[in-house]
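# A structural walkthrough
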Protein chains: 2
Amino acid sequence: MRVDARRNREHLLTTARAVIAEQGPEASLNEIARRAGVGPGTLYRHFPTRQVLLAAVFRDRVETLCARAADLLAHTSPDEALALWSRDVLAHALTDRGMSASMTLGGAELGFDCHAAMRSAATGLLLRAQREGRTRPDVDIEDLFQLVTGVALAASELPGGLDRAERLLSVTLAGLRR
Amino acid sequence: MRVDARRNREHLLTTARAVIAEQGPEASLNEIARRAGVGPGTLYRHFPTRQVLLAAVFRDRVETLCARAADLLAHTSPDEALALWSRDVLAHALTDRGMSASMTLGGAELGFDCHAAMRSAATGLLLRAQREGRTRPDVDIEDLFQLVTGVALAASELPGGLDRAERLLSVTLAGLRR
DNA sequence: ACCTGAACACCGTTCAAGT
DNA sequence: ACCTGAACACCGTTCAAGT
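Each chain carries its own residue numbering, running from 1 in the written order of its sequence. Note on labels: chains are lettered from A, ligands numbered from 1, in written order. At least 70 in pLDDT is required for a residue's local features to be given in this predicted model, at least 80 for side-chain atom pairs to be given and counted, and no such filter applies to totals for whole chains, interfaces and linings, which use all residues. As a convention, hydrogens and water are excluded, and side-chain values are obtained from all of the structure's heavy atoms.

## Considerations on the interface of chain B and chain A
- Any pair of residues with heavy atoms lying within 4.5 Å of one another is described as a contacting pair. Listed per partner, the contact involves 19 residues of chain B and 19 residues of chain A.
- Note on terms: buried area is the combined drop in 1.4 Å-probe accessible area of two parts once they are placed together, counting the loss on both. Where chain B abuts chain A, roughly 1,800 Å² becomes buried across the two surfaces, and 59% of that area is made up of carbon and sulfur atoms.
- Three residues, Q146, R167 and V171 of chain B, lead the burial of chain B against chain A; their summed loss comes to 29% of the area buried on that side.
- Here, a salt bridge means any side-chain nitrogen of Lys or Arg that lies within 4 Å of a carboxyl oxygen of Asp or Glu. Linking chain B to chain A there are eight salt bridges.
- The definition of a polar contact used here is a pair of N or O atoms within 3.5 Å, where within protein one atom must be able to donate a hydrogen and the other to accept one, and adjacent residues in sequence count solely through side-chain atom pairs. Summed over the shared surface of chain B and chain A, the result is ten residue pairs in polar contact (both at pLDDT 80 or more).
- Listed by contribution, the elements that provide at least two residues to the side of chain B that touches chain A are α8 (141-157) and α9 (161-176) of chain B.
- Strands are runs of DSSP state E lasting at least 2 residues, helices are runs of H or I lasting at least 4, and numbering of each runs from the N terminus. Tallying contributions element by element places α9 of chain B first for the side of chain B that touches chain A, with nine residues.
- The residue makeup of the side of chain B that touches chain A, split by class, is eight nonpolar, four polar and seven charged. Residues were grouped as follows: Ala, Val, Leu, Ile, Met, Phe, Trp, Tyr, Cys and Pro as nonpolar; Asp, Glu, Lys and Arg as charged; and all remaining residues, including Gly, as polar.

This is the structure:
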C-alpha cells in the first residue's frame, strides 16, 4: 500500500468518525470525502460500501467491548458479568450515535465483522450464565443481542436518557432470569 | 374540499399503502406521486411531510389496536390483557413494514397522532395491571411502549420471525412482572 | 497504483404558471 | 382552489482521465 493511500485512508477514517459523531451513521459520504479533502472516488476505493466504513469506524469500540467481556468472564460471577456487560454496551451505544446500528453489521466482506466479534464475546457470558446461573436456557445469543441493542436503540431515541435506559435494562435482565 | 382534491388524496393514500408495503417507510415520495399519476407538488399539498403521510397510512391499523386494547380492558384479566395486546402489536408490526416506526409518530401537526392514540390505549392496560396484577410499579407507559416496539423492530429485522419474536416478548413480559 | 472530479440517475422539496 | 411539472440542491455511485 502506497504511503499516500495509507495516509488518505487514515484521514478518511478520522473525518468519518467526526462526521458520524455529529450526524449519525446516515451521514453523507460525499461530505465525509469533501471534509477529508479527497474526491468521492477515493473514499469508495478505500471503503466500497457504507457498511465497510462503519465497521472500520467502530472497530475500536467493538474490540474494547469484546475485551471487557473476556475480562468479566474471568473475574466476575455469571449473573453479574452479564449485567455489567450489558450496561457497558448500553453506555457505548448511548455515547456514540450509530454504535448500536454498527453492532449488527456482519459479513466477511466488511474487513472487520462487528457482529461476529460481539456475538462470540457475548456467547461466553451467556453460556456460563445459563450453565451456572439462573438464566433462562431457551434464549440464544441472538436474543440476548437483540434485547440489549433494542434497549440501546430505544434509549438513544427517547428523552429520559440514562435513567430510562437503566430501567429498561433492568426489566430485560429480570426477564432473562428464570 | 373540491371533489378532485378529495379523490387525489384518496388515491395517493391507496398508492402510498401499496408502495410502503413493498419498499418500507422510506419509500420514495416522488415514486408514490408518479404511481398515483399526480405531480410531486400534489402529494406535498395533501401530506406536507413524510410523517403526515405515514400517520395517515397507518391510522386504520393504529385505531384497530386501540379498539383491541379497550376490548381487552373490559373482558380480560390484567396480566393476560397486557400479554395479548403486546402480542397483537407485535403481529401488526411483523406484517406491515413501517408499522412499528409509525407507532412512535407523534405531534398535533400530523393530522392523526399515532403515538398519543397508542399511548392512551396502552395506559389503561398498564395501570390496571400495576394496580391489580403483578406488574412492576416503576415502569411507565413509555417504557412499555419502547419494549414492545423494540421487540417488534428486532423481530422484523432478524431471521427466526415469529418464533423469535414470541420468545423475546416472553422475556420482556416476564421482566415486567415483579 | 492511486487519485481526481465531472457525470449520471436519483432523491426531497419548492414554486411560478396554469386550469 | 387546486394541480402541474420544471427546477434546485442534494445524494450515492461510477469511471475516464490524469499523475
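From this point, the narrative continues.
## Considerations on the environment of V139 of chain A
- Mapped onto the secondary structure, V139 of chain A falls in the loop between α7 (114-132) and α8 (141-157).
- Sequence-wise, V139 of chain A and V89 of chain A are 50 residues apart; in three dimensions their C-alpha atoms are separated by 19 Å.

## Digging into α9 of chain B
- Taking 1.5 Å of rise per residue, the 16 residues of α9 of chain B would be expected to cover 22 Å, and the 23 Å separating its terminal C-alpha atoms lies within 8% of that figure.
- Every buried residue belonging to α9 of chain B is among R164, A165, L168, L169, V171, T172, L173, G175 and L176 of chain B, and all of these are buried.
- The elements touched by buried residues of α9 of chain B are α8 and α9 (161-176) of chain A together with α5 (78-95) and α8 of chain B. By this rule, a helix spans an expected 1.5 Å times one less than how many residues it contains. Only protein chains enter the calculation, and the probe is 1.4 Å; a residue is then buried if its accessible area is under 20% of its type maximum, exposed if over 50%, and partly exposed in between.

## A look at the protein's contact with DNA strand C
- Nearness of a residue to a molecule or strand requires only that one of the residue's heavy atoms be within 4 Å of it. Around DNA strand C sit 21 residues, and of these R2, N8 and T42 of chain A together with N30 and Y44 of chain B come closest.
- Among the atoms of DNA strand C close to the protein, meaning within 4 Å, 64% are from sugar or phosphate groups.
- Contact distances for DNA strand C include 3.5 Å between a phosphate oxygen and a backbone N or O atom of G39 of chain A.
- Here S28 of chain B contributes a side-chain N or O atom positioned 3.1 Å from a phosphate oxygen of DNA strand C.
- Every element with two or more residues in the surface near DNA strand C is listed here: α1 (3-23) and α3 (40-46) of chain A together with α2 (29-36) and α3 (40-46) of chain B.
- When residues in the surface near DNA strand C are grouped by element, the largest group, five residues, is from α3 of chain A.
- For the surface near DNA strand C, a count of residues per class yields eight nonpolar, eight polar and five charged.

## Focus: the UniProt feature "DNA-binding region" (unreviewed entry) in chain A
- In the numbering used here, UniProt assigns the feature "DNA-binding region" (unreviewed entry) to residues 28-47 of chain A.
- Within residues 28-47 of chain A, the helical portion is 75% and the strand portion 0%, while the C-alpha atoms at the span's ends are 14 Å from each other. UniProt positions are given in the numbering used here, feature names are shortened, and annotations may be inferred rather than shown by experiment.

## Observations concerning the protein's contact with DNA strand D
- Taken together, 21 residues sit near DNA strand D, with N30 and Y44 of chain A together with R2, N8 and T42 of chain B positioned nearest.
- Each atom of DNA strand D within 4 Å of the protein was classed as base or backbone; sugar and phosphate made up 62%.
- Contact distances for DNA strand D include 3.0 Å between a base nitrogen and a side-chain N or O atom of N30 of chain A.
- Between DNA strand D and R34 of chain A there is a distance of 3.2 Å, counted from a phosphate oxygen to a side-chain nitrogen or oxygen.
- Looking at the surface near DNA strand D, the elements with two or more residues in it are α2 (29-36) and α3 of chain A together with α1 (3-23) and α3 of chain B.
- Sort the elements by how many residues they give to the surface near DNA strand D and α3 of chain B lands first, with five residues.

## Remarks on the packing of α8 of chain A against α9 of chain A
Residue and element names in this part refer to chain A.
- Contact pair α8 / α9: the axes reach a minimum separation of 9 Å and the direction vectors enclose 160°. As judged from the angle between their axes, α8 and α9 are roughly antiparallel. Between α8 and α9 lies a crossing whose hand is right-handed. Across the interface between the two elements, L144, L147, V151, A154 and A155 of α8 pack against G161, A165, L168, L169, T172 and L176 of α9.
- Grouping the constituent residues of the contact of α8 with α9 by class yields nine nonpolar, two polar and no charged. Axis lines are fitted through C-alpha atoms, for helices just across the contact stretch, and the angle between N-to-C directions can take any value from 0 to 180 degrees. Convention used here: angles under 35 degrees read as roughly parallel, angles over 145 as roughly antiparallel, angles from 65 to 115 as roughly perpendicular, and any remaining angle as oblique. Handedness of a crossing follows from how the near helix is turned relative to the far one, being left-handed for an anticlockwise turn of less than a right angle and right-handed for a clockwise one.

## Some words on the domain arrangement of chain A
Residue and element names in this part refer to chain A.
- What marks off one domain from the next here is an automatic or database domain assignment. What the domain assignment reports for chain A is domain 1 (1-48) and domain 2 (51-176).
- Averaged C-alpha coordinates put domain 1 and domain 2 at centres separated by 27 Å.
- Among the residues of domain 1 in contact with domain 2, R17, I20 and P25 are the three that bury the most area, contributing 47% of the side total.
- Between domain 1 and domain 2 we count zero salt bridges in total.
- Where the side of domain 1 that touches domain 2 is concerned, the elements lending two or more residues are α1 and α2.
- A per-element tally of the side of domain 1 that touches domain 2 places α1 first, with seven residues.
- Here the side of domain 1 that touches domain 2 is composed, by residue class, of nine nonpolar, two polar and two charged.

## Some points on the side chain of T172 of chain A
- Structurally, T172 of chain A is set in helix α9.
- Not counting the four nearest positions on each side in its chain, T172 of chain A is found in contact with L147 and V151 of chain A together with L147 and V171 of chain B.

## Concerning the pattern of salt bridges
- On inspection of all chains with the given rule, the structure shows 30 salt bridges over all chains.
- For R164 of chain A, the salt bridge is made with D140 of chain B, and the minimal N-O distance between the two is 2.6 Å. Pair noted here: R164 of chain A is in helix α9 and D140 of chain B is in the loop between α7 (114-132) and α8, and the two residues belong to different chains.
- R87 of chain B is paired through a salt bridge with E166 of chain B; the nearest N and O atoms lie 2.4 Å apart. With R87 of chain B in helix α5 and E166 of chain B in helix α9, the pair connects residues that are 79 residues apart, well separated along the chain.
- A relative accessible area of 29% places E166 of chain B in the partly exposed class.
- Taken together, the shared-partner salt bridges in this structure form one network comprising D140 and D143 of chain A together with R164 and R167 of chain B.

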